[in-house]
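# Working through the structure, step by step
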Amino acid sequence: MSRVKEESKFLLTYKFRAYPTVLQEYKLENWLFVLCWLYNYALEERKKVWKEEERTVSYSEQQNNLPKLKKKEPILKFVHSQVLQDTLRRVDKAFQKFFHDLERKKKGEKIKVGYPKKKPIAKCKSLTFPQVWMKQKGKLVPIIKLEKENNRFAYLHLPKIGKLKIRLHREIDWTKAKTVTVKREPSGNWYVCVSVEVDLDQILKEVEEKVEKRAKAVGIDLGVKHLAVTSEKEFIEHPKFLQKLEKRLKREQKKLSRKEKGSINFEKRRKRVAKIHERIKNARRDFLHKLSKYLVDNYDLITFENLDIPALIENNRLAKLILDAGWGTLITFVTYKAVMAGARVVRVNPAYTTQICSVCGQKVPKTLADRIHKCPVCGTELDRDYNASVNILRKGFTHLTGGRVGATQTEACGEGNGGALLKGSVSYPSLKQESPCGSSGWGDNPLPEVPSVRAE
Ligand SMILES: [Zn+2]
């Protein structure tokens, strides 16, 4: 896997739906099988050598042994050699994490330390081409080519797999592509994740130029009645289509529970349930991507409340709504899109944003049921959430002028910080590079979707 050395560069991951032919699917399944075998073999080898010789086998040792292993196990030859190497690197990473965790535990940190475990085939779902470009006689030559079919579709020329059709739902600078991961979801659908190198300095420069121009600012109240209400009087509804899909999901899950585990009918139902899960996930993502894009395209300063979402979920009967609404995901999406678009994101302390009168500053206590803010002092009557959004925006300004421009302490949300655009304080979600398609990437937690900086 290519490492990005310069500090100002980081990787964004783009995910595209892939449509392998029957033959390609057959090949990919076989590759996953072979790679799974290799993963477990490499793991066992390390274990064995440690037991017998008390020494650690390194990545390069295992890589150098690949040709020999290929002679012994010719099936390995079906798989592209760099993809094999990437699997060995995954093993190496698993061990590095293990040793790292061990150190932390020794220092007294309360963490679970797990010895790297063998993977069942069901968990071997992705394979990675760790290099898209290579140098040849001083020139960059593509190992994997991208060929556009039309505005919607393209072909990836994968070595030993052939032309893999993908839905190119967005533009991508192929010259900056670093790795390609092919992944099968539980539903049986295939996806391709492409990591692309981005230069932070370049982005920051563009951002600074933009910020110097007159900024348009907005405060956003995330709520239960509406997903979001802005200080520009925009009322954004919770997407209803998700509720419909969820009803279907419940029905299908009931049917599944009546089937005998392991039977053909069970497997059929299981796939159907997985497909609906995937549709919900994709529909929610899609909606939040559009909404976050709208926000960063239209506003230069975007202010959210600094909500402790995990705590809210634990303590609140509104938990399901919060999860469905994907507040955390929305904030994350806005935050990283803001970096690219030259907008600034601030998260402010949520104390009293609902109560304070946005016109005169009077505290007006409310219950959850009070939908209207009625100020006894100045007589203002406003929608409760709109009133809050104006207060949130005001706090955002105070926050900025208070000199603490930058990421707010939002670790409570467990998903990246409020974004800021000053160098040094820019926060972009984890730069983890192992399995860019992994579910924990800009994957789906703690609220659906978050991760390495994933732009889709
Ligand atoms: Zn008032």
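Residues numbered from 1 in each chain as written. Predicted model: local features only at pLDDT ≥ 70, side-chain atom pairs only at ≥ 80, totals over all residues.

- For the protein chain, an unreviewed UniProt entry supplies the name Transposase and the organism Desulfurobacterium pacificum.

### Quick notes on the overall build of the protein chain
- Along the backbone of the protein chain there are 11 helices and 16 strands.
- The proportion of buried residues among the 456 residues of the protein chain is 33%.
- For the protein chain, the proportion of contacts with a sequence separation of at least 24, taken over those separated by at least 6, is 64%. (Helix = DSSP H or I, 4+ residues; strand = E, 2+ residues; numbered from the N terminus. Buried ≥ 20, exposed ≤ 12 C-beta atoms within 10 Å, placed from the backbone. Contact = placed C-beta atoms within 7 Å.)

### Structural notes on the pairing of strand 9 (residues 190–199)
- Most of strand 9 is tucked away, with seven of its 10 residues classed as buried.
- In terms of strand pairing, strand 8 (residues 177–184) meets strand 9 through seven bridges, oriented antiparallel. Counterpart to arginine 184 in the pairing with strand 9 is tryptophan 190.
- As consecutive antiparallel partners, strand 8 and strand 9 are separated by five residues, and within that stretch glycine 188 has a phi angle of approximately 100°, a positive value. (Pairing = 2+ DSSP bridges.)

### Re the sheet that holds strand 6 (residues 153–158)
- Pairing is antiparallel in the open sheet, where seven strands are placed in the order 2-8-9-1-7-6-5. In this open sheet, the two edge strands, each paired with only one partner strand, are strand 2 (126–129) and strand 5 (145–148). Going across the sheet, the axis of each strand differs from the next one's by a mean of 35°, ignoring polarity. (Axes fitted to C-alpha atoms, helices over the stretch in contact; angles between N-to-C directions.)

### As for unusual backbone geometry
- A positive phi angle is found at lysine 233, which is not glycine, with a value near 60°.
- Topologically, lysine 233 is positioned in the loop between strand 11 (228–230) and strand 12 (235–236).
- Accessibility expressed as a C-beta count within 10 Å gives 11 for lysine 233, which makes it exposed.
- Positioned with a positive phi, tyrosine 352 is a non-glycine residue whose angle comes to about 65°.
- What makes tyrosine 352 partly exposed here is the crowd of 13 C-beta atoms within 10 Å.

### Focus: the packing of helix 6 (residues 240–258) against helix 7 (residues 264–298)
- Closest axis-to-axis distance for the helix 6/helix 7 pair is 9 Å, and the angle between their directions is 165°. Classified by the angle their axes make, helix 6 and helix 7 are roughly antiparallel. Every pair of crossing elements has a handedness; the one defined by helix 6 and helix 7 is left-handed. Across the interface between the two elements, Phe241, Leu242, Leu245, Glu246, Arg248, Leu249, Glu252, Gln253, Lys255 and Leu256 from helix 6 touch Arg269, Arg270, Arg272, Val273, Ile276, His277, Arg279, Ile280, Ala283 and Arg284 from helix 7.
- Residue composition of the contact of helix 6 with helix 7, grouped by class: nine nonpolar, two polar and nine charged. (Parallel < 35°, antiparallel > 145°, perpendicular 65-115°, else oblique. Left-handed = near helix turned anticlockwise from the far one by under 90°. Nonpolar A, V, L, I, M, F, W, Y, C, P; charged D, E, K, R; others polar.)

### Things to note about the sheet that holds strand 12
- Spatially, five strands are ordered 12-11-10-13-14 in an open sheet, and the strand pairing comes out mixed. Since the sheet does not close on itself, it has two edges, and those belong to strand 12 and strand 14 (344–348), each with one partner.
- With three bridges connecting them, strand 10 (residues 217–222) and strand 11 associate as antiparallel partners. Paired with leucine 222 across the bridge in strand 11 is alanine 228.

### Thoughts on the pairing of strand 2
- Here strand 2 shows two buried faces, one formed by Ser126 and Thr128 and the other by Leu127 and Phe129.
- In this structure, strand 2 lies alongside strand 8, joined through four bridges in antiparallel fashion. Residue pairing across strands places serine 126 opposite lysine 183, the latter belonging to strand 8.

### Things to note about the nonpolar core
- Counting 38 residues, the largest nonpolar core has Leu35 and Val192 as the members making the most contacts within it.
- When residues of this core are assigned to their parent elements, the largest contribution, eight residues, is made by helix 1 (residues 22–53).
- Core analysis: the next-biggest nonpolar cluster, separate from the first, contains 31 residues, Val296, Tyr299, Leu301 and Tyr386 among them. (Core = buried A, V, L, I, M, F, W, Y, C linked by C-beta atoms within 7 Å.)

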